[in-house]
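Working through the structure, step by step
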Amino acid sequence: MTTARPALDPELRELLAGMPLMSQLSPEVLAQLRKLPSTPVDSLLAHRQVDRREITVPAKNGIAIPLSVFTPARTERTTAAPCVYWMHGGGMVMGDRFSQIDIPLEWLDEFGAVVVSVDYRLAPEVTGTALVDDCYQGLLWVAEHSEELGIDPAWILVAGASAGGGLAAGVTLLARDLGTPAIAAQILICPMLDHRNTSTSSHQYSDGPGVWTRQMNEFGWRAVLSDLTDDEVPVYVSPALSDDLSGLPTTYIDTGSAEVFRDEDTDYATRIWAAGGQAEFHVWAGGFHGFDALYPQARISATARRTRTDWLARLLATNSAA
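Residues numbered from 1 in each chain as written. Predicted model: local features only at pLDDT ≥ 70, side-chain atom pairs only at ≥ 80, totals over all residues. Heavy atoms only, no water.

Here the focus is the overall build of the protein. From N to C terminus, the protein includes 12 helices and eight strands. The principal-axis extents of the C-alpha atoms in the protein amount to approximately 60 × 45 × 45 Å. For the protein, the residues scored as buried account for 56% of the 322 residues in total. Counting every atom, the protein has about 13600 Å² of accessible surface; 52% of that belongs to carbon and sulfur. (Helix = DSSP H or I, 4+ residues; strand = E, 2+ residues; numbered from the N terminus. Buried < 20%, exposed > 50% of the residue type's maximum accessible area, 1.4 Å probe, protein only. Areas by Shrake-Rupley, 256 points an atom, 1.4 Å probe, with all protein chains shown as cover.)

Structural data, given as structure tokens:
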């Protein structure tokens, strides 16, 4: 297989030169990464008029799932708001509910959306469907308490980046199959969809240090799947395995041309179209994994984020026109 790969966007290449990169993950490295400070959410909220509420949702087997709810501060609410239910990235092995939270907070600013972020449990401490089940149970709670939260139950959108994008896809499949709750749209940002890790793009970004390499991806999937064989992997954990992508809500997927997940994300969008579904799909030339979250100041990042927000504006406009 060719070792040639798409070049990085020049501005991103310069920015990435100052970032420490690695090629593999190990339990020891993961332990160190988990000790790094989490996203300073207070600084993100400092310039915003936002009410923040911390909730613990009881779920299966007595497990408590933390949710953070961010609501635009208003003196008087006249209509129910759309809700963005956010699942963070981190390869399913790290991160917390504040990771990449600046992305959905832009939609709070732009559209007055209520943002709910879920702190699902991480692998390898939990495995199998535990992570997607946590996300689904939190989503059920949000839907059941929509009136209390000031949310329009017809306009709950699930969204996530990287591992969170894969979890958002899994939650959407689960909600479709169980018939609840209603999901208006899914926004999958460079989603982690396929445990098989065999695509051309995964091999292109296999050797050498990077933001997220094929070897790091293998570590994350092994942590989640534990000793499951390929035949035992649920589609809700590895959504690319689903042979039925019909009946899904309208979908937004974006990814970079210079990253591991490019081809599995392309395939997922293609199969949504093949099933008669609606999807908007963008591949950002020269974008590496998570580029717009790591370097939002880059021109390509600003364009990617604005394009995503413009799509959401068009979608929400259909509600206003209804």
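The structure having been displayed, the exposition proceeds.
Glancing now at the environment of valine 142. By secondary structure assignment, the location of valine 142 is in helix α5 (residues 130-144). The exposure class of valine 142 is buried, given its relative accessible area of 0%. It is 8.9 Å that separates the C-alpha atoms of valine 142 and isoleucine 156, two residues lying 14 residues apart in sequence. Excluding its chain neighbours within four sequence positions, the residues that come into contact with valine 142 are Leu67, Cys83, Tyr85, Val116, Leu149 and Ile151. (Contact = heavy atoms within 4.5 Å.)

Moving on, we come to the pattern of salt bridges. In total, this model carries 21 salt bridges according to the counting rule given. Across the pair arginine 48 and aspartate 109 runs a salt bridge whose closest N-O atoms are separated by 2.8 Å. Of this pair, arginine 48 sits in the loop between α3 (41-45) and β1 (50-58) while aspartate 109 sits in helix α4 (residues 102-111); the two residues are 61 residues apart in sequence, bridging distant segments of the chain. The class of arginine 48 is buried, set by a relative accessible area of 12%. Overall, aspartate 109 belongs to the partly exposed group, its relative accessible area being 43%. When the shortest N-O distance is used, the salt bridge between glutamate 280 and arginine 314 registers 2.8 Å. In this pair, glutamate 280 is assigned in strand β8 (residues 279-284) and arginine 314 in helix α12 (residues 299-321), connecting sequence segments 34 residues apart. Residue arginine 314 is classed as partly exposed on the basis of its relative accessible area of 46%. (Salt bridge = Lys/Arg side-chain N within 4 Å of Asp/Glu carboxyl O.)

We now examine unusual backbone geometry. Put simply, alanine 123 and proline 124 share a cis peptide bond, and its omega is 5 degrees. Within the secondary structure, proline 124 sits in the loop between β4 (114-118) and α5. Positive phi outside glycine occurs at methionine 92, with the angle close to 70 degrees. Inspection of the secondary structure assignment puts methionine 92 in the loop between β3 (81-87) and α4.

The next subject is the side chain of glutamine 186. Examined against the element boundaries, glutamine 186 turns out to sit in strand β6 (residues 185-189). Here threonine 251 takes part through its side chain, which lies 2.9 Å from a polar atom of the side chain of glutamine 186. Apart from residues no more than four positions distant in its own chain, glutamine 186 is found in contact with Val158, Ala168, Ala169, Thr172, Leu248, Pro249, Thr250, Thr251, Tyr252, Ile272 and Trp311. (Polar contact = N/O pair within 3.5 Å; in protein donor to acceptor, adjacent residues only side chain to side chain.)

What follows is about the packing of aromatic side chains. In this structure the tally under the stated criterion is two aromatic pairs. Centre to centre, the rings of tyrosine 252 and tryptophan 311 are 5.2 Å apart; their planes meet at 55 degrees, and the pair counts as tilted. Separated by 59 residues along the polypeptide, tyrosine 252 in strand β7 (residues 250-256) and tryptophan 311 in helix α12 bring together distant segments of the chain. Each member of the pair, tyrosine 252 as well as tryptophan 311, is classed as buried. Judged by centre distance (6.2 Å) and plane angle (85 degrees), the rings of phenylalanine 288 and tyrosine 295 are edge-to-face. (Phe/Tyr/Trp six-rings, centres within 6.5 Å; stacked < 30°, edge-to-face > 60°.)

Buried residues dominate β6, accounting for five of its five residues. Here β6 shows a buried face lined by Ala185, Ile187 and Ile189 and a second buried face lined by Gln186 and Leu188. Bridge count for strand β5 (residues 151-161) against β6 is five bridges, and the pairing is parallel. What sits directly across from alanine 161, in β6, is isoleucine 189. In this fold, β5 hands off to helix α7 (residues 163-178), which returns the chain to β6; that crossover is right-handed. (Pairing = 2+ DSSP bridges. Right-handed = clockwise from strand over helix to strand, strands pointing away.)

Right, let's talk about the environment of glutamate 106 for a bit. On the secondary structure map, glutamate 106 appears in helix α4. As a C-alpha pair, glutamate 106 and alanine 304 span 198 residues in sequence and 13 Å in three-dimensional space. In this structure glutamate 106 touches Arg48, Arg305 and Thr309, once residues within four positions along its chain are discounted.

Spatial relationships are all this shows, so hold off on functional conclusions.
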